[in-house]
Amino acid sequence: MGWNPRWSALVSQVTTKSSKPLPKTLPGVVCAQRVRCGKPGCRCADGQGHLAYYRFWREGGRLRKCYVRRADLAAVQAACEARQRERGALTEAWQQWRSLAAVVREVSR
Ligand SMILES: [Zn+2]
């Protein structure tokens, strides 16, 4: 038995997964906030501060906040947008179901 090309596809999938721990979709939105690092002598002490990115989302009715590293910014933003698209598609399906249910009510009257 030789090397199955499907195996190499499987291997590359595993390696990309382990090197990219970020999930494909994430709840919430990414917002930029000004922060002060508190280091003595840093210009942020009396200036505008540093621009830092945070992801905000709701979990169990509470607002959660998570720091987003600059290196992860693009990936996290993409994951949030993917989740919003997913939820948008769900809303559309729900609206279709409701209009369908109304039609069924009309017919069965
Ligand atoms: Zn600073």
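Everything discussed here concerns the structure shown above.
Residues numbered from 1 in each chain as written. Predicted model: local features only at pLDDT ≥ 70, side-chain atom pairs only at ≥ 80, totals over all residues.

S.K.: Got a sec to walk through the sheet that holds strand 2 (residues 50–59)? Specific residues and values, please.
M.R.: Strand pairing in a sheet takes place through backbone hydrogen bonds and is either antiparallel or parallel in direction. The strand order 1-2-3 describes an open sheet built from 3 strands, whose pairing is antiparallel. Each end of this open sheet is capped by a strand with a single partner; those strands are strand 1 (29–35) and strand 3 (62–68). Averaged over all pairs of adjacent strands, the angle between strand axes in this sheet comes to 40 degrees, irrespective of strand direction. Pairing geometry for strand 2 and strand 3, over 7 bridges, is antiparallel. Paired with Y53 across the two strands is V68, which belongs to strand 3. Each of strand 1, strand 2 and strand 3 is contacted by helix 2 (residues 73–108), which is oriented at about 140 degrees to strand 1, the strand it contacts most. (Pairing = 2+ DSSP bridges. Helix = DSSP H or I, 4+ residues; strand = E, 2+ residues; numbered from the N terminus. Axes fitted to C-alpha atoms, helices over the stretch in contact; angles between N-to-C directions. Contact = placed C-beta atoms within 7 Å.)

S.K.: Talk me through the nonpolar core; I want residue IDs and the actual numbers.
M.R.: Nonpolar side chains in soluble globular proteins tend to be buried together. Within the largest apolar cluster, 6 residues are counted, these being L26, V30, V68, V76, A79 and C80. It is helix 2 that provides the largest number of residues to this core, a total of 3 residues. If we ignore the near neighbours within four places in the chain, the residues touching V76 are L22, L26, V30, R55 and V68. (Core = buried A, V, L, I, M, F, W, Y, C linked by C-beta atoms within 7 Å. Buried ≥ 20, exposed ≤ 12 C-beta atoms within 10 Å, placed from the backbone.)

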